[in-house]
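Given next are the chains, with one letter for each unit.
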Amino acid sequence: MTQERAARRDQAVRAAVEQGLVGAREPVVCLLDVAGIRACAERLTAAFAAVTRGPVLHAFAVKATPLVPVLRLLAAEGLGCEVASPGELALARAAGVGPDRTVLDSPAKTAAELREALALGIAVNADNPQELERIDGLVRSAPTRSPIGFRVNPQIGGGSIGAMSTATGTSKFGVALRDPGAREWVVRAYAERPWLTRIHAHTGSQGMPLELMARGVREVYELAEEINAAVGHRRIDTVDIGGGLPVDFGSDEGDPGFDAYARLLRDAVPGLFDGRYGLVTEFGRSLLAKQGTVLARVEYAKSAGERPIAVTHAGVQIATRTVFAPGSWPLRILPYDASGRPRDAGPLVVQDVAGPACFAGDLVAQARELPLLAQGDLVALPDTGAYFFTSHFSYNTLPRPAVHGYAADEETRDMRFVTLRDAQTLAELVAESGGAHARALDGFGRGAARPHTP
Ligand SMILES: *Cc1c(COP(=O)(O)O)cnc(C)c1O
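Criteria and cut-off values
- Residues numbered from 1 in each chain as written.
- Predicted model: local features only at pLDDT ≥ 70, side-chain atom pairs only at ≥ 80, totals over all residues.
- Heavy atoms only, no water.
- Helix = DSSP H or I, 4+ residues; strand = E, 2+ residues; numbered from the N terminus.
- Rg over C-alpha atoms; globule rule 2.2 N^0.38 Å.
- Buried < 20%, exposed > 50% of the residue type's maximum accessible area, 1.4 Å probe, protein only.
- Expected span 1.5 Å × (residues − 1).
- Polar contact = N/O pair within 3.5 Å; in protein donor to acceptor, adjacent residues only side chain to side chain.
- Near = heavy atom within 4 Å.
- Areas by Shrake-Rupley, 256 points an atom, 1.4 Å probe, with all protein chains shown as cover.
- Nonpolar A, V, L, I, M, F, W, Y, C, P; charged D, E, K, R; others polar.
- Pairing = 2+ DSSP bridges.
- Domains from an automatic or database assignment.
- Contact = heavy atoms within 4.5 Å.
- Buried area = accessible area lost by both parts, 1.4 Å probe.
- Phe/Tyr/Trp six-rings, centres within 6.5 Å; stacked < 30°, edge-to-face > 60°.
- Lys NZ or Arg CZ within 6 Å of the ring centre and 35° of its normal.

Participant: I would appreciate a short explanation of the overall build of the protein in the present structure.
Facilitator: For the protein, the helix and strand inventory stands at 12 helices and 18 strands. For the protein, the C-alpha radius of gyration of 24 Å lies close to 22 Å, the compact-globule estimate for 454 residues. Across its three principal directions, the C-alpha atoms of the protein cover 70 × 70 × 45 Å. For the protein, with 454 residues in total, the buried portion stands at 53%.

Structural data, given as structure tokens:
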């Protein structure tokens, strides 16, 4: 499966050049492997179906790849959406994902967001006691079909990336279960609210060892059992175990690990899989990262202090985390020639691969051994289908590049492309930068107030 994915990627790079998706006029483009997305969704579904007898909703974490056609493709594969903002909810609705397949998590939901979620009937996980109080009021004022849960932080510790670890002692998410009195408070909160039927934890993203994630799920399960014993019946009927499965950014080997994680969970927490509980999962990166590739032209090849530098069009706007935290988020660089053929011959030379932004740190690879990149070559950044080109950083007013899905024609085997997101135009960049208010400051603050003319 994985070598096939690499072969499809090589074929897509070649076809993208031949079909003019990338070149002198379009110096950077983003590609998604449609067959890879389908296969990954199937593997996830199969992995959990093999270990549990209860119902399962796999709610894709929209923040990983907020693209409407992708959410719709995943929905066709049986997945739902986990949303964490009004924008993400709007995307899920635009993709046709039903309220019964949508889960709202976020640490800062406004009263209006909560009201809308409960009116729509989407599942909501409350983050903290104050939010639960707001929900109390809303539930009292209007009946809702929404399944409602509560997010807890089992405080099991962090993984290798601090910023991605949500189960540390002082994480901002959920109720910290080991704080004095917290566990008792949670049990009471459930006992007092017959509509509180779910429990949720998401212990971290990338860099979390699977065993630690499984420990987090075990702690949440044990709390669910304690609560159900305290209220005297199976009040909590669904456990939302979050996402967080890490991705290997170093190679094309290995699979997402859904089978291994599902088996590990079943062995660590057998009671969760015996049919008494429904499950919700919220995987993001592990479903989409490996399916995405950024393809960028080398605009110039230069050198400084004897270090060769390839100046490309893929930098901080696409690989924000890699540029600002290169130790935590290294990416591979795959070199291709101007016609899209892999450049796998020739001596390796230590060089930097830079982006287009105007600050010195805009490097996607530093002192990396690669065939010496030349003007007009292409570099591919693989494994960027989640949290990279879909989490655009608008530094230097660099536009969001186009995203195309690719799949081989079933008969001819030719690579076909379909647009999933258009490249941002200059007019759109002007508009999102206050273009409609161009004259707002003409004379503003001087003399008598005048009526506002845009
Ligand atoms: C980000 C997030 C996810 C998805 O995490 P991945 O590492 O992409 O699987 C799931 N649930 C919550 C609550 C999140 O914040």
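Text resumes after the structure shown.
Participant: Got a minute to help me understand helix H2 (residues 34-49) in this structure?
Facilitator: Owing to its 3.6 residues per turn, the α-helix brings residues three or four apart onto one side. In a regular helix each residue adds 1.5 Å, so 16 residues correspond to 22 Å; H2 covers 23 Å between its end C-alpha atoms and thus fits that length. Here H2 starts with a cap whose side-chain oxygen sits 3.2 Å from the backbone nitrogen of Ala35, and that cap is Asp33.

Participant: Even after reading the chapter, I still don't get the site of the ligand, so can you show me in this structure?
Facilitator: By nearness alone, 14 residues border the ligand, and Lys63, Gly244, Glu282, Arg285 and Tyr387 come closest of all. Lys63 is positioned with one of its side-chain polar atoms (N or O) 2.8 Å from an oxygen atom of the ligand. Ser205 is positioned with one of its side-chain polar atoms (N or O) 2.8 Å from an oxygen atom of the ligand. Protein coverage of the free-state accessible area of the ligand, which is 390 Å², stands at 93%. Of the residues contributing to the shell around the ligand, the split by class is 3 nonpolar, 5 polar and 6 charged.

Participant: Which parts of the structure should I look at to understand the pairing of strand S16 (residues 378-382)?
Facilitator: For a regular strand, side chains alternate in direction, first toward one face of the sheet and then toward the other. Along S16, 5 of the 5 residues are buried, which leaves the element largely enclosed by surrounding structure. On S16, burial covers both faces: Leu378, Ala380 and Pro382 on one face and Val379 and Leu381 on the other are all buried. One ladder, built from 5 bridges, connects strand S11 (residues 292-304) with S16; its direction is antiparallel. When the bridges of S16 are listed, Ala296 appears paired with Val379. As defined by bridge partners, strand S13 (residues 334-336) adjoins S16 across 3 bridges and the pair is classed as antiparallel. Of the residues in S16, the one forming a bridge with Pro335 is Val379.

Participant: Looking at this structure, how should I read the domain arrangement of the protein?
Facilitator: Size of an interface, as often reported, equals the accessible area lost when the parts are brought together. Looking at the protein, the domain boundaries give domain 1 (2-31 + 289-432) and domain 2 (34-288). Domain 1 and domain 2 are separated by 33 Å when their C-alpha centres are compared. Contacts between the two partners involve 29 residues from domain 1, matched on the other side by 26 residues from domain 2. At the boundary of domain 1 with domain 2, total buried surface from both sides reaches about 2300 Å², with 57% on carbon and sulfur atoms. A per-residue breakdown of the area domain 1 buries against domain 2 is headed by Gln291, Trp329 and Tyr387, which together make up 28% of the total. Elements represented by at least two residues in the side of domain 1 that touches domain 2 include exactly helix H1 (2-18), strand S17 (403-408) and strand S18 (415-421). Sorting elements by how many residues they give to the side of domain 1 that touches domain 2 places H1 first, with 6 residues. Tallied by class, residues from the side of domain 1 that touches domain 2 come to 12 nonpolar, 9 polar and 8 charged.

Participant: Would you mind showing me how to read the environment of Phe389 here?
Facilitator: Among the secondary structure elements, Phe389 is positioned in the loop between S16 and S17. With a relative accessible area of 0%, Phe389 lands in the buried category. Here the alpha-carbon distance between Phe389 and Val29, two residues 360 residues apart in the chain, equals 9.4 Å.

Participant: Where do I start with the packing of aromatic side chains in this structure?
Facilitator: Geometry of an aromatic ring pair is reported as the spacing of the ring centres plus the angle between the planes. Counted by the stated rule, this structure contains 12 aromatic pairs. Their ring planes at 20 degrees and their centres at 5.9 Å tell us that Phe393 and Tyr395 sit as a pair that is stacked. What makes Phe393 partly exposed here is its relative accessible area of 30%. Joined through ring pairs, the aromatic side chains of Phe48, Phe258, Tyr261 and Phe283 make up one cluster. The lysine or arginine in question, Arg321, covers the ring of Trp329, its NZ or CZ lying 5.4 Å from the ring centre.

Participant: Would you explain the side chain of Ser165 in this entry?
Facilitator: With respect to the helices, strands and loops of the structure, Ser165 is situated in the loop between strand S6 (148-153) and strand S7 (175-176). Polar side-chain contacts of Ser165 include one of 3.0 Å to the backbone nitrogen of Gly159. With residues near it in sequence (within four places) discarded, Ser165 still touches Gly158, Gly159, Thr203, Gly204 and Met208.

Participant: Is there a simple way to explain the environment of Ala176 in this structure?
Facilitator: Mapped onto the elements, Ala176 comes out in strand S7. For the pair formed by Ala176 and Gly275, sequence separation is 99 residues and the distance between their alpha carbons is 28 Å. Apart from residues lying up to four places away in sequence, Ala176 is in contact with Asn153, Gln155 and Ala182.

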